[in-house]
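Architecture and fold: a report
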Amino acid sequence: MIGIFGGTFDPVHSGHLRPVWEIKRALNLSEVRLIPCAIPPHRGEPLATGEQRLAMLQAAVKDVPGFIVDKRELQRGGPSYMVDTLQSLRDELGRQPMCLILGQDAFNGIDRWHQWQRLMDLAHIVVMQRPGAVLPSMGPVSDLLAACRTDSVAELSAASAGRVYLQSVTQLEISATQVRRLLQAGGVDAVRFLVPDVVQTYIEQHKLYGKREH
Ligand code: ATP
């Protein structure tokens, strides 16, 4: 099985990397594709350029076995719909099981994604669950769980797509929004250990996310 982890990565932080590493180990994924988006469909423009977000991600996972940065959304340009990304991976990988890895917040809103029902034809969904986090008890996401949830890794690897699996991960209350705010308020030293050292260095060298001139 391979994992697919998309994000804005503006910038990549430890709250992305550690939970996804735990998923890779728990599900014995042969690799995880980390895919920075070009234009995120559901939010404002990123502050850093695509090139900068890509460079930070590449530096962060350079020595991590099985973590592969995949540039297809940046190369495709335009709004980065996950359904298009999964379809292009499916065209390349044939019937190999693919697991789309999502944080629980993203999963809870998946019914707002472009052609969201097609996602399940193309991949499994693996949710990085937060203890105490609330799964919806009604509505389309609740129906999806009722129809497709499995607690068996063997069942995931037996099919190429179509199941939802919930995995507990170490809770790291870090967001890129928080990292950007800390950088603006306190400078680059304020985010030490929230982002990998190489990302901190890149942010410093390229003067990213600093105080704005008004
Ligand atoms: P922002 O604060 O700018 O919205 P973010 O930190 O949420 O960004 P994204 O790149 O938008 O990061 O997120 C990509 C994916 O990573 C999403 O599936 C999201 O749910 C997940 N994710 C982000 N932060 C965490 C975290 N601390 N723990 C678990 N999952 C996370």
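See the structure above.
In this text, all values refer to a predicted model and were calculated from it rather than measured experimentally.

**Thoughts on the site of the ligand**
- Close contacts around the ligand come from 21 residues, with His13, Asp105, Leu172, Ala176 and Thr177 the closest.
- The side chain of Arg180 places a nitrogen or oxygen atom 3.1 Å from an oxygen atom of the ligand.
- Within the complex, 86% of the 600 Å² of free accessible area of the ligand lies under protein.
- Its atoms largely coinciding with the cavity grid, the ligand occupies the largest pocket.
- Sorting the residues of the shell around the ligand by element identifies strand E1 (2-7), helix H1 (14-26), strand E4 (98-103), helix H5 (104-108) and helix H9 (176-186) as the ones contributing at least two each.
- Of the residues that constitute the shell around the ligand, the class distribution is eight nonpolar, nine polar and four charged.

**Describing the packing of aromatic side chains**
- If you walk through the whole model with that rule in mind, you get two aromatic pairs.
- Plain terms: the ring middles of Trp21 and Phe67 are 5.5 Å apart, the flat faces sit at 75° to each other, and that makes the pair edge-to-face. Of this pair, Trp21 sits in helix H1 while Phe67 sits in strand E3 (residues 67-69), placing them 46 residues apart in sequence.

**Regarding unusual backbone geometry**
- In this structure, Pro11 follows Asp10 across a cis peptide bond, with omega equal to 0°.
- Here Pro11 shows up in the loop between E1 and H1.
- The backbone phi angle of Phe9 is positive, close to 55°, even though this residue is not glycine.
- Mapping Phe9 onto the fold places it in the loop between E1 and H1.
- For Tyr209, which is not a glycine, the phi torsion comes out positive at approximately 60°.

**Side note on the layout of surface pockets**
- The computed volume of the largest pocket comes to approximately 1200 Å³.
- Lining of the largest pocket is provided by 43 residues; of these, Gly6, Gly7, Arg43, Asp105 and Ala106 occupy positions nearest its centre.
- Secondary-structure elements contributing two or more residues to the lining of the largest pocket are E1, H1, helix H4 (82-93), E4, H5, strand E5 (124-129) and H9.
- When the residues that make up the lining of the largest pocket are grouped by side-chain class, the tally is 19 nonpolar, 17 polar and seven charged.

So, how was this worked out
- Residues numbered from 1 in each chain as written.
- Predicted model: local features only at pLDDT ≥ 70, side-chain atom pairs only at ≥ 80, totals over all residues.
- Heavy atoms only, no water.
- Near = heavy atom within 4 Å.
- Polar contact = N/O pair within 3.5 Å; in protein donor to acceptor, adjacent residues only side chain to side chain.
- Areas by Shrake-Rupley, 256 points an atom, 1.4 Å probe, with all protein chains shown as cover.
- 1 Å grid on protein atoms, 1.4 Å probe; cavity = no way out; pocket = protein on both sides within 12 Å on 5 of 7 lines; lining within 4 Å.
- Sits in = over half its atoms within 2 Å of the grid points.
- Helix = DSSP H or I, 4+ residues; strand = E, 2+ residues; numbered from the N terminus.
- Nonpolar A, V, L, I, M, F, W, Y, C, P; charged D, E, K, R; others polar.
- Phe/Tyr/Trp six-rings, centres within 6.5 Å; stacked < 30°, edge-to-face > 60°.
- Points joined across faces, edges and corners; volume = space filled by probe spheres on them.

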